[in-house]
Amino acid sequence: MFLTGLGCTVCQGEYRPEPSRYVCDRCGEVGTLDARYDYPAISRVVDPDTLATNPDNSMWRYLPLIPVEEGTRVSSLVVGGTPLIRSDRLASDFGVRELWVKDEGRQPTASLKDRASAVALARAAMEKAPVITTASTGNAAAALAGLASGTGQSAVIFVPESAPEAKVAQLLAYGATVCLVEGNYDSAVRLCQEAVARFGWYNRNTGINPYVGEGKKTVALEILEQLGWSAPDAIFVSVGDGSIIGGVHKGLKDALTLGWIDRMPRIFGVQSSGSAFLAQAWSDQEDVVTKKSIAAQTRADSISADLPRDRVKAMAAVTETGGEWIVVTDDRILEMIPYVSARTGVFPEPAAAAAFAGLAKAAAGFSGMDGLGRVVVISTGSGLKDIKSVMAGLDRSGAEALHIKPGPTALDGLELSK
């Protein structure tokens, strides 16, 4: 393992990667920690040429860049290796030369969060923690519960009682202990944090655990490798707590540091207008460390956050790459579900559809699109996660099934359209 330490993203304090080390002592929970590596040593054992001959197509092909000891128990489920799909139809619609969709709905539990939970479970095994816990609006919880079912580790999940039924069903089916919390996501986080302090459980919480972003960054490494290590001009990412966009940034920085790419793509963060903490801070030039929480409310539950836990890394992902923050309405998010599905075959949940809505808004005149030729959109989760919202999007699009009575004249006059 090439992990050398952890650094605070606020005060730059340095820490050893000891058990139960989650955040900075001086800065508290806003002081999220960043994993540091011995890059010269990594470059001696892995590079694009050795990766090209590696038969392992999972996220673990990047093991030297993941803070997990070789041989540590991981789930039997295959995490990573999701397709990067070229869509000429969307490229034409949005006026870019190339448009690629990274379909994370193909993961074992149908969201990108599997990458984070795979690393968290491995770290918990390294620390010999008998129970691992998280708070989630659904996807991170499903990822933890599903992957834990393949390792035999115990998972305790705190989710808002308003979480989509399909996501709660996943948790129960995987055999996790599920606690439905009255209130929103932030209420679930607070209760989960209390349980960690009281019972000593391993903490997988996004924006608290410094290692979950190291799992999420593998999506960026995969994108780069699938593009032949030719960096795209821009990557569009939907944002709630900020851990995914922070992880994407970290993966890109790793590749740049190692010389695997020669330039940094611009990162565009997309938020719902009902949960736009980071976009507001960027627009108003506010400090995300001191900015007060908001009252988030959006149909895109996976990106709903009153106070993004990984807000420092998320803001850096946009500002350090010359990107932009884009705000979209819930109506546009829902409309993009059938729109994207019908043109790409990728079926996004609301949070994933937000990234496409952001690109659509940018293409309609947002100045930040100037000079973008090759664009990647990360579709973070499957529409099967939230059928109720999908149906709302279909209602808005006017799509409906044809009702036919069987009989000899049933197909007479039937008109099909695309």
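Note that the coordinates shown come from a computational prediction; the quantities given were computed from them, not determined experimentally.

Asks: I would appreciate a short explanation of unusual backbone geometry in the present structure.
Replies: What is expected of a backbone is that most residues other than glycine have negative phi and most peptide bonds are trans. The phi dihedral of Gln12 falls on the positive side, at around 70°, and the residue is not glycine. One can find Gln12 in the loop between β1 (3-8) and β2 (14-15).

Asks: What should I look at first to understand a nonpolar patch on the surface in this one?
Replies: On the surface, a cluster of nonpolar side chains totalling about 400 Å² of accessible area is made up of Leu402, Ile404, Leu411 and Leu414. When you line up the elements, Leu414 lands in the segment after α15 (387-397). Exposure remark for Leu414: the relative accessible area of 38% places this residue in the partly exposed category.

Asks: Could you clarify how one ought to interpret the packing of aromatic side chains in this entry?
Replies: Aromatic rings in a pair are described by how distant their centres are and how their planes are angled relative to each other. A complete count under the given rule lists 6 aromatic pairs for this structure. Geometrically, the ring pair formed by Tyr22 and Tyr202 is edge-to-face, given 6.1 Å between the ring centres and 65° between the ring planes. Remark: Tyr202 occurs in strand β10 (residues 202-203) and Tyr22 occurs in the loop between β2 and β3 (23-24); sequence separation between them is 180 residues. For the pair formed by Tyr22 and Tyr202, the shared burial category is buried. Sitting over the face of the ring of Phe277, Lys291 holds its NZ or CZ atom 5.2 Å from the ring centroid.

Asks: When you look at the pattern of salt bridges in this model, what are you seeing that I'm missing?
Replies: Side-chain pairing between opposite charges can occur once the charged atoms of the two side chains come close. Counted by the stated rule, this structure contains 28 salt bridges. Between Arg36 and Glu14 there is a salt bridge, with its nearest N and O atoms 2.9 Å apart. A residue pair is termed long-range when its members are at least 10 positions apart, and Arg36 in strand β4 (residues 28-37) and Glu14 in strand β2 qualify at 22 residues. Taking the shortest distance from any N to any O, the salt bridge between Glu214 and Lys217 comes out at 2.7 Å. Assigned by exposure class, Glu214 and Lys217 land together as buried. Here the salt bridges share partners, and the residues they tie into one network are Glu14, Asp34, Arg36, Glu214, Lys217, Lys250 and Asp254.

Calculation criteria
Residues numbered from 1 in each chain as written. Predicted model: local features only at pLDDT ≥ 70, side-chain atom pairs only at ≥ 80, totals over all residues. Heavy atoms only, no water. Helix = DSSP H or I, 4+ residues; strand = E, 2+ residues; numbered from the N terminus. Patch = residues over 30% accessible without salt bridge, like charges linked within 9 Å, V, L, I, M, F, W, Y side chains within 5 Å. Areas by Shrake-Rupley, 256 points an atom, 1.4 Å probe, with all protein chains shown as cover. Salt bridge = Lys/Arg side-chain N within 4 Å of Asp/Glu carboxyl O. Buried < 20%, exposed > 50% of the residue type's maximum accessible area, 1.4 Å probe, protein only. Phe/Tyr/Trp six-rings, centres within 6.5 Å; stacked < 30°, edge-to-face > 60°. Lys NZ or Arg CZ within 6 Å of the ring centre and 35° of its normal.

Everything listed is a geometric property; what it means functionally is a separate question.
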